[in-house]
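Examination of the molecular architecture
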Amino acid sequence: MVAEKYRRIIDESDIIKEYQYWLSSESVWGWVFLLPTIAAIGLVNVYPVIRAIYLSFTDYDGITEPTWIGLEHYIRIFTGWPEFWQVLQNTLVWVFGTVVVMLVLGMGFAVLLNHDFPGSGIATSLLLLPWVMPYIAVALNWQWMYRYQTGVFNGLLQLAGLERVLWLGSGKFALAAAMVGWIWRNFPFFMISFLSAMKAIPTELYEAALVDGSSRWELFRHITFPYLQPILIVTTLLMSLWTFNNFTMIFVLTGGGPGLSSMVLPVYVYRKAFITGDMGMAAAIGIVMMLIMLSYGLVYLRFYRADIGQK
Amino acid sequence: MATETDPTTGTAPGEPDTLFQRLKQNDTVRLLSFEGLVWGLVLIVLFPIIWMMLSSFSAASLSDIVENGLGWYLSSMSLENYVDMVESTRFVTWFKNSVIVSLVSTALSIVIATFGGYSIGRLRYKGRSAFAVFLLITQMFPYAVIIIPLFIIFRNLGLFNSLTGLIVAYVAFTLPFTTWMLRGFFENLPEQLEEAAMVDGSTRVGAVVRVILPLSAPAVATTFIFGWLLAWNEFLFALVLINDQALKTLPPGIQQWVGQNTINWGLIMAGATTVTVPLLLLFAFLQQYFVQGLAEGAVKS
């Protein structure tokens, strides 16, 4: 009787539970299975970021030892350094400009493809093709099409009796030209996401609304759009992060030029680190960039979790 | 057209009687004009890809074509750029490097992600969901930040300027994505699958390899395609971590052609086309995996 009472006390004590928990095969295997992931992510993601935070407080050229200079880089960034602010402004235009247009285009194409017509499947597949292309091919191809003398866009302008335009060589058009190429490459992502979501909307909803005499616009406004909202939020945030982080398109198409007119943060950080050799400053700008992405990403995670919570 | 519509106007007084109004009412015509709009848009969207491919055979400008005629344009087409690319550039070497690096890194990434994804998706322990969220957060570290210290670390480890180094970088680069995607698939498998296998005397690892993996073969295939795409497209790491011409991969390799004194756009378009074609083929054969993977993995993660 007494022994049993003690056994129950021991069984229920936290220390024993903890001990049993750690020996249970699930927790042990759980972490054992994560070891390779932790090693790889640690070496190539986490340690470099910690190292970059350290480097952002130093003066470092990549060859000699870094010298500690405290907040100097950050003070320079945040106390009116016009160059940085221009690049940041370009980046925001680049991200939000392209994402908004992609959203509208993706939605428009999804609405068109949601009709049942012969060949709608083939049309969908063909419209997805830009999204399958590698960035390097997209950037090179658009550079070729934007050429002043031999580019096909200026060729079309001339056919229409208009003047040639200096697309990539002028500060006025370079960023916009790059944005058009980026929009072309990525709008199918929105298109296919919206189309899949639209196909999942029960048709009875539309039929009921049609009986009530709703117009097409009302159908879209009150049925389609609310159904698309969760996927719209997630795809928008994802695409914003991808666009913000993309290096290839701008680097290959314009190199950020002419001057700084189409310079965005990833290319700027690369140039500062590997062309100018100012790795400390590059790291500091990169950390600022990371903070922007993280705060944006946290918003995304909140929506993601809200989305999961609904299911 | 007129003979067909005559009788209807005759029998239906009060109906709109201009040809245009009658056309608008005709469902077939409306459908045709709708389809015309869609196919017109398809053609506009596809034009850059078509132009890239045409330019790889003949880099004539539009004004040249208009001036000299379509016959001249067609006769100016040849495989010369492709022959040039294979014979007088390092394209074949770069292509080989790209294939090796992307396939090996994706395969390794899938192996590691199978266990990682299984752990996060099916095992119950403290810290599991925190680690899953942490994986998502690593996706918000900009590559431009990572690459600066990574360059220094790899230089110190002797991994700079080596394909092994690039593979290591790509494994980690694709890992959050592959892990997260496989986790989603594993989670949806019926419960206690592996317990049944383990009762039969299998170990935990054996259960994963012999029970979970075969059941998720389509998921692994989808994940492989997307992981491979990430690695095949990657530019920045390859640009910084590889210096030797013989070790370059395709994206930074071809990009150098733009900087040369005499730019041969036909050659560049041949290169761009060759990088694109494997993806188009993959897409043609595995389209449902692309779309399904996008819906189930990419969008959710």
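Below you will find a few notes about this structure. (Residues numbered from 1 in each chain as written. Chains lettered and ligands numbered in written order. Predicted model: local features only at pLDDT ≥ 70, side-chain atom pairs only at ≥ 80, totals over all residues. Heavy atoms only, no water.)

Before going further, it helps to examine the overall build of chain A. Across its full length, chain A holds 14 helices and 2 strands. Out of the 311 residues in chain A, the part that is buried amounts to 50%. When contacts within chain A are restricted to residue pairs at least 6 apart in sequence, long-range pairs at least 24 apart make up 66% of them. Accessible area for chain A stands at about 14900 Å²; split by element, carbon and sulfur atoms hold 66% of it. (Helix = DSSP H or I, 4+ residues; strand = E, 2+ residues; numbered from the N terminus. Buried < 20%, exposed > 50% of the residue type's maximum accessible area, 1.4 Å probe, protein only. Contact = heavy atoms within 4.5 Å. Areas by Shrake-Rupley, 256 points an atom, 1.4 Å probe, with all protein chains shown as cover.)

Looking only at helices and strands, chain B has 16 helices and 0 strands in total. Buried residues in chain B amount to 51% of all 301 residues. Taking all contacts inside chain B whose residues are at least 6 apart in sequence as the whole, residues at least 24 apart take part in 74%. When the accessible surface of chain B is summed, it comes to about 13500 Å², and 63% of that surface belongs to carbon and sulfur atoms.

Summed over all chains, the structure comprises 3 cavities of 30 Å³ or more. By volume, the second largest cavity is sized at about 60 Å³. As for the second largest cavity, its lining consists of A:Val44, A:Asn45, B:Thr138, B:Gln139, B:Tyr143, B:Ile146, B:Ala172, B:Phe173, B:Pro176 and B:Phe237. Among the elements of the structure, helix H3 (25–55) of chain A together with helix H8 (143–157) and helix H9 (163–187) of chain B are those that each provide at least two residues to the lining of the second largest cavity. Broken down by element, the residue count for the lining of the second largest cavity peaks at 3 residues, all from H9(B). A per-class count over the lining of the second largest cavity returns 7 nonpolar, 3 polar and no charged. (1 Å grid on protein atoms, 1.4 Å probe; cavity = no way out; pocket = protein on both sides within 12 Å on 5 of 7 lines; lining within 4 Å. Points joined across faces, edges and corners; volume = space filled by probe spheres on them. Nonpolar A, V, L, I, M, F, W, Y, C, P; charged D, E, K, R; others polar.)

If you look at the biggest cluster of nonpolar residues, it comprises 188 residues, and the most contacted ones within it are A:Trp94, A:Ile285, B:Leu150 and B:Phe237. Among the elements that make up this core, the one with the highest residue count is helix H9 (residues 174–199) of chain A (16 residues). Non-local contacts of B:Leu150, meaning those with residues more than four positions away in its chain, are made with A:Leu43, A:Val44, A:Pro48, B:Ala169, B:Phe237 and B:Leu241. Formed by 5 residues, the second largest nonpolar core is a distinct cluster that contains A:Ile201, A:Ala209, A:Leu219 and A:Ile223. (Core = buried A, V, L, I, M, F, W, Y, C linked by side-chain atoms within 4.5 Å.)

Note the cis peptide between A:Gly257 and A:Pro258, where omega equals -5°. Among the structural elements, A:Pro258 can be located in the loop between helix H12 (248–253) and helix H13 (265–275).

Residue and element names in this part refer to chain A. The contact between helix H5 (residues 82–113) and H9 brings their axes to 6 Å, and the two run at 40°. Regarding the angle of H5 to H9, the classification is oblique. In terms of crossing hand, the pair formed by H5 and H9 is right-handed. In terms of residue class, the contact of H5 with H9 is made up of 23 nonpolar, 5 polar and 1 charged. (Axes fitted to C-alpha atoms, helices over the stretch in contact; angles between N-to-C directions. Parallel < 35°, antiparallel > 145°, perpendicular 65-115°, else oblique. Left-handed = near helix turned anticlockwise from the far one by under 90°.)

Residue and element names in this part refer to chain B. Position of alanine 219 among the secondary structure elements: in helix H12 (residues 217–233). Counting along the chain gives 70 residues from alanine 219 to tyrosine 289, while the straight-line C-alpha distance between them is 8.7 Å. Beyond its immediate chain neighbours, meaning those up to four positions away, alanine 219 contacts Leu182 and Phe185.

What follows is about the side chain of A:Gln143. If you trace the backbone, A:Gln143 turns up in helix H7 (residues 135–145). Filtering out sequence-adjacent residues up to four positions away, A:Gln143 remains in contact with A:Leu168, A:Val252, A:Leu253, B:Val258 and B:Trp265.

On to the interface of chain B and chain A, then. In this assembly, 96 residues from chain B lie in contact with 99 residues from chain A. Summed over both sides, the interface of chain B with chain A buries roughly 8500 Å², with 80% coming from carbon and sulfur. Interface area lost by chain B to chain A is led by B:Met140, B:Ile148 and B:Trp265, which between them contribute 8%. The interface formed by chain B and chain A holds 0 salt bridges in total. Inspection of the region where chain B meets chain A yields 6 residue pairs in polar contact (both at pLDDT 80 or more). Among the elements that take part in the side of chain B that touches chain A, helix H3 (residues 27–57) of chain B stands out by supplying 15 residues, more than any other. (Buried area = accessible area lost by both parts, 1.4 Å probe. Salt bridge = Lys/Arg side-chain N within 4 Å of Asp/Glu carboxyl O. Polar contact = N/O pair within 3.5 Å; in protein donor to acceptor, adjacent residues only side chain to side chain.)

Right, let's talk about the packing of aromatic side chains for a bit. Counted under the stated rule, the structure contains 51 aromatic pairs over all chains. Where B:Phe47 meets B:Trp51, the ring centres are 5.8 Å apart and the plane angle is 25°; that geometry is what we call stacked. Of the two residues, B:Phe47 and B:Trp51 both sit in helix H3, 4 residues apart, roughly one turn of that helix. Of the residues examined, B:Phe47 reaches a relative accessible area of 28% and is grouped as partly exposed. With relative accessibility at 4%, the residue B:Trp51 sits in the buried group. Three or more aromatic residues link up through ring pairs in this structure, and these residues are A:Phe247, A:Phe251, A:Tyr270, A:Phe274, B:Phe151, B:Phe160 and B:Phe235. (Phe/Tyr/Trp six-rings, centres within 6.5 Å; stacked < 30°, edge-to-face > 60°.)

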